[in-house]
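Analysis of the macromolecular model
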Amino acid sequence: MALFDWFKRTKAGSFDLNSPEFYEMIRSGTPLDLHVTPDKAMRLSAVFACVKVLSETISSLPCELFSVDPEGNEFVSRKDRLYRLIRSSPNDWQTAQEWWMLQVVNLCLRGNSYNYIVWDENQRPVSIMPLPVDAVSVDVQHQNRIIYEVTIGISGQTRTMRMSQHEVLHFKGMSVDGIVGVSPIKYNSALIGGAIQARDHASKVFTNDATPRGVLEVEGTLDDKTHQRMKESWN
């Protein structure tokens, strides 16, 4: 705790409970750790619950593929190959619900979700495979042509692939530039970091049976009256 850390840094008898330095220490406390990663944020029960409810609810909603006939009438295109991808299984290892759930989780934690589209020789999509969000960077080139640079491989053996917009299905959340979404975790790192520190502090307090640790040292010997008055001031 900031109070007892301050005592540890101070020589015995060198502080005054009425000093401006003591008041500033109490008022300012300790700075928050603002480096909050999505993994750290998910360990906070409030964040975990929100992401869980959103991802499970949205992924359970039906997703239909509509086409328009020459007369302008809409109808569900169940015979289209893309219908199977978005409604049944977008790839060999995920169901449609699992895939949609991952999209929502990525949007909630990182603000973006990227997927590699596999096309056949007739330029028809045959598979949609999720890409790790942290492995993708977006490069805006001449005339707003967007290139996705994807780093793949294990540590020490990585390589970068460049993909066009035609190859990447990009879902983005709220954006300030229209190109990439902003991370809700990063934009609220101070609030989430404070909640994490409050949780950790409460855990430490209860671990010590709610007994604060610290020692007050003074010069000389305190009489019983002064000792009792100081004891009551800290209760």
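Fair warning: this is a prediction, and the values are worked out from it, not measured in the lab.

What about the sheet that holds strand β7 (residues 159–164)?
Taken in spatial order, the three strands line up as β5-β6-β7 in an open sheet, and their pairing is antiparallel. The sheet is open, and its two borders are formed by β5 (136–140) and β7, each paired with just one other strand. Sheet twist, expressed as the average angle between the axes of neighbouring strands with direction ignored, equals 25 degrees. Strand direction decides the pairing type here: β5 and strand β6 (residues 146–152), joined by five bridges, are antiparallel. Across the sheet, residue Val140 finds its bridge partner in β6, namely Ile146.

Observations regarding the sheet that holds strand β8 (residues 168–172)
Ordered in space as β4-β3-β8, the three strands form an open sheet in which the pairing is antiparallel. Edge positions in the open sheet fall to β4 (125–131) and β8, since each of these has one partner strand only. Along the sheet, successive strands turn relative to each other by an average axial angle of 25 degrees, direction set aside. The pairing of strand β3 (residues 112–119) with β4 spans six bridges and is antiparallel. Bridge pairing in β4 places Ile117 opposite Ile128. Seen against the sheet, helix α6 (residues 96–110) touches β3, β4 and β8 and runs at an angle of roughly 140 degrees to β3.

What to know about the pairing of β3
Judged from the five bridges that link them, β3 and β8 form a sheet pairing that is antiparallel. Along β8, the bridge assignment pairs Tyr114 with His170. The antiparallel pairing of β3 with β4 creates a hairpin that spans five residues between the two strands, and Gln123 there sits at a positive phi of about 60 degrees.

Points about the packing of aromatic side chains
A complete count under the given rule lists four aromatic pairs for this structure. Measuring from centroid to centroid gives 6.1 Å for Trp99 and Phe171, while their planes differ by 65 degrees, and the two rings are edge-to-face. Highlighted residues: Trp99 in helix α6 and Phe171 in strand β8, separated in sequence by 72 residues. Using a relative accessible area of 2% as the deciding quantity, one classes Trp99 as buried. Ring geometry for Tyr114 against Tyr148: centres 5.8 Å apart, planes inclined by 65 degrees, an arrangement best described as edge-to-face. A residue pair is termed long-range when its members are at least 10 positions apart, and Tyr114 in strand β3 and Tyr148 in strand β6 qualify at 34 residues. Judged by relative accessible area, which is 5%, Tyr148 ranks as buried. Within the aromatic cluster, the residues linked to one another by ring pairs are Trp99, Trp100 and Phe171.

Concerning the packing of helix α4 (residues 45–59) against α6
Interaxial distance between α4 and α6 falls to 8 Å at its minimum, and their mutual angle equals 140 degrees. Taken together, α4 and α6 sit at an angle that is classed as oblique. Here the hand of the crossing between α4 and α6 comes out right-handed. Contacts from Val47, Val51, Leu54, Ser55, Glu56, Ile58 and Ser59 in α4 reach Gln97, Trp100, Met101, Val104, Val105, Cys108 and Leu109 in α6. Residues of the contact of α4 with α6, tallied by class, amount to 10 nonpolar, three polar and one charged.

Considering the environment of Phe66
Turning to its location among the elements, Phe66 is positioned in strand β1 (residues 66–68). In sequence terms Phe66 and Arg78 are 12 residues apart; their C-alpha atoms lie 8.5 Å from each other. Not counting residues within four places of it along the chain, the set of residues in contact with Phe66 comprises Phe75, Val76 and Ser77.

Cut-offs and rules
Residues numbered from 1 in each chain as written. Predicted model: local features only at pLDDT ≥ 70, side-chain atom pairs only at ≥ 80, totals over all residues. Heavy atoms only, no water. Pairing = 2+ DSSP bridges. Helix = DSSP H or I, 4+ residues; strand = E, 2+ residues; numbered from the N terminus. Axes fitted to C-alpha atoms, helices over the stretch in contact; angles between N-to-C directions. Contact = heavy atoms within 4.5 Å. Phe/Tyr/Trp six-rings, centres within 6.5 Å; stacked < 30°, edge-to-face > 60°. Buried < 20%, exposed > 50% of the residue type's maximum accessible area, 1.4 Å probe, protein only. Parallel < 35°, antiparallel > 145°, perpendicular 65-115°, else oblique. Left-handed = near helix turned anticlockwise from the far one by under 90°. Nonpolar A, V, L, I, M, F, W, Y, C, P; charged D, E, K, R; others polar.

Interpretation in functional terms is not warranted from these geometric data alone.
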